[in-house]
Amino acid sequence: MRKIFYRLIAKFLPTNNVAYAHCDVPCGIYDPKAAQIAAATVLKMVEKIEALPKENPTVSDRNSFVRMVWTKEEHARKCKEELLILWTDFFKPEHLEMFPNLHDTFWQAAKLCSRNKQEVNMEAALELKKSVDDIAEMFAKAKAAAKM
């Protein structure tokens, strides 16, 4: 019934307007800190998961494992989201002159976020943290150059 109603409205009141928007209003407030915190959380969860007993885990250990995996995956997702916002909204074509590897750096970091969701892997967690810290350095340099 609703579909019919909406189709009638669209038929009699057509619109040619197109709205362009994204979730973060272009206020110019960008910061890699959220991605850094998320990457550090992924690393901490991997450390905690690896410290759990391997043999004869208790119900409490299993509960902790599930919660740590969920937290690791959620923070890997948050990290990816924050990186994509920086990549697509903060960095501009002129930053490619400063950082010729900008796109590959972000692409690899986003891939590391996915890998950290899929695995409990200390090497991948350390790589993610380093990658995000490298992006934070690029961000700081770009901000400093804009002030000059």
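Fair warning: this is a prediction, and the values are worked out from it, not measured in the lab.

Q: Quick rundown of the overall build of the protein? Include the residues and the values.
A: Scanning the protein from N- to C-terminus turns up six helices and zero strands. Counted from the first residue to the last, the protein has its helices and strands arranged as α-α-α-α-α-α. When the 148 residues of the protein are sorted by exposure, 34% land in the buried category. For the protein, the share of sequence-separated contacts (at least 6 apart) that also reach a separation of at least 24 residues comes to 71%.

Q: Summarise the side chain of D61; cite the residues concerned and give the values.
A: Counting through the fold element by element, D61 comes out in helix α3 (residues 59-90). One buried charged side chain, D61, makes no salt bridge at all; its nearest oppositely charged neighbour is R62, positioned 8.2 Å away. Within the structure, the side chain of D61 is placed 3.0 Å from the backbone nitrogen of T58, a separation counted as a polar contact.

Q: So what about the nonpolar core? Which residues, and what values?
A: Ranked by internal contacts, the top residues of the largest apolar core, which has 28 residues, are C79, L83, F91, F106 and L128. Residue assignment for this core shows that the elements contributing at least two residues are α2 (33-51), α3, α5 (102-118) and α6 (122-147). Non-local contacts of L83, meaning those with residues more than four positions away in its chain, are made with A35, F106, A109, C113, V132 and I135. Counting residues in each nonpolar core, the second largest holds five residues, with I49, L52, M68 and V69 among its members.

Q: An account of the confidence of the model for the protein is needed here, citing residue identities and associated values.
A: When pLDDT is averaged along the protein, the result is 90; 82% of the residues meet or exceed 70. Taken as a whole, residues 18-23 scores under 50 in pLDDT and shows one contact with residues more than four places along the chain or in a different chain.

Q: Could you give an account of the packing of α5 against α6, with specific residues and numbers?
A: Look at α5 against α6: their axes get within 9 Å of each other, and the N-to-C directions meet at 145 degrees. In this structure, α5 crosses over α6, and the sense of that crossing is left-handed. Residues L102, T105, F106, A109, L112, C113, R115 and N116 of α5 lie in contact with α6, whose contacting residues are A124, A125, E127, L128, S131, I135 and M138. Residues that form the contact of α5 with α6 fall into these classes: ten nonpolar, three polar and two charged.

Q: With reference to specific residues and values, describe the pattern of salt bridges.
A: Taken as a whole and assessed by the stated rule, the structure comprises seven salt bridges. A salt bridge links K44 to E47; the nearest nitrogen and oxygen atoms lie 3.6 Å apart. With K44 and E47 both in helix α2 and three residues apart, this pair spans about one turn of that helix. For E47, a relative accessible area of 35% puts it in the partly exposed group. With its nearest N and O atoms 2.6 Å apart, the salt bridge here joins E74 to R77. Of this pair, E74 and R77 both sit in helix α3, three residues apart, which is roughly one turn of that helix.

What counts and what doesn't
- Residues numbered from 1 in each chain as written.
- Predicted model: local features only at pLDDT ≥ 70, side-chain atom pairs only at ≥ 80, totals over all residues.
- Heavy atoms only, no water.
- Helix = DSSP H or I, 4+ residues; strand = E, 2+ residues; numbered from the N terminus.
- Buried < 20%, exposed > 50% of the residue type's maximum accessible area, 1.4 Å probe, protein only.
- Contact = heavy atoms within 4.5 Å.
- Lys, Arg positive; Asp, Glu negative; His and termini not counted.
- Salt bridge = Lys/Arg side-chain N within 4 Å of Asp/Glu carboxyl O.
- Polar contact = N/O pair within 3.5 Å; in protein donor to acceptor, adjacent residues only side chain to side chain.
- Core = buried A, V, L, I, M, F, W, Y, C linked by side-chain atoms within 4.5 Å.
- pLDDT = per-residue confidence, 0-100.
- Axes fitted to C-alpha atoms, helices over the stretch in contact; angles between N-to-C directions.
- Left-handed = near helix turned anticlockwise from the far one by under 90°.
- Nonpolar A, V, L, I, M, F, W, Y, C, P; charged D, E, K, R; others polar.

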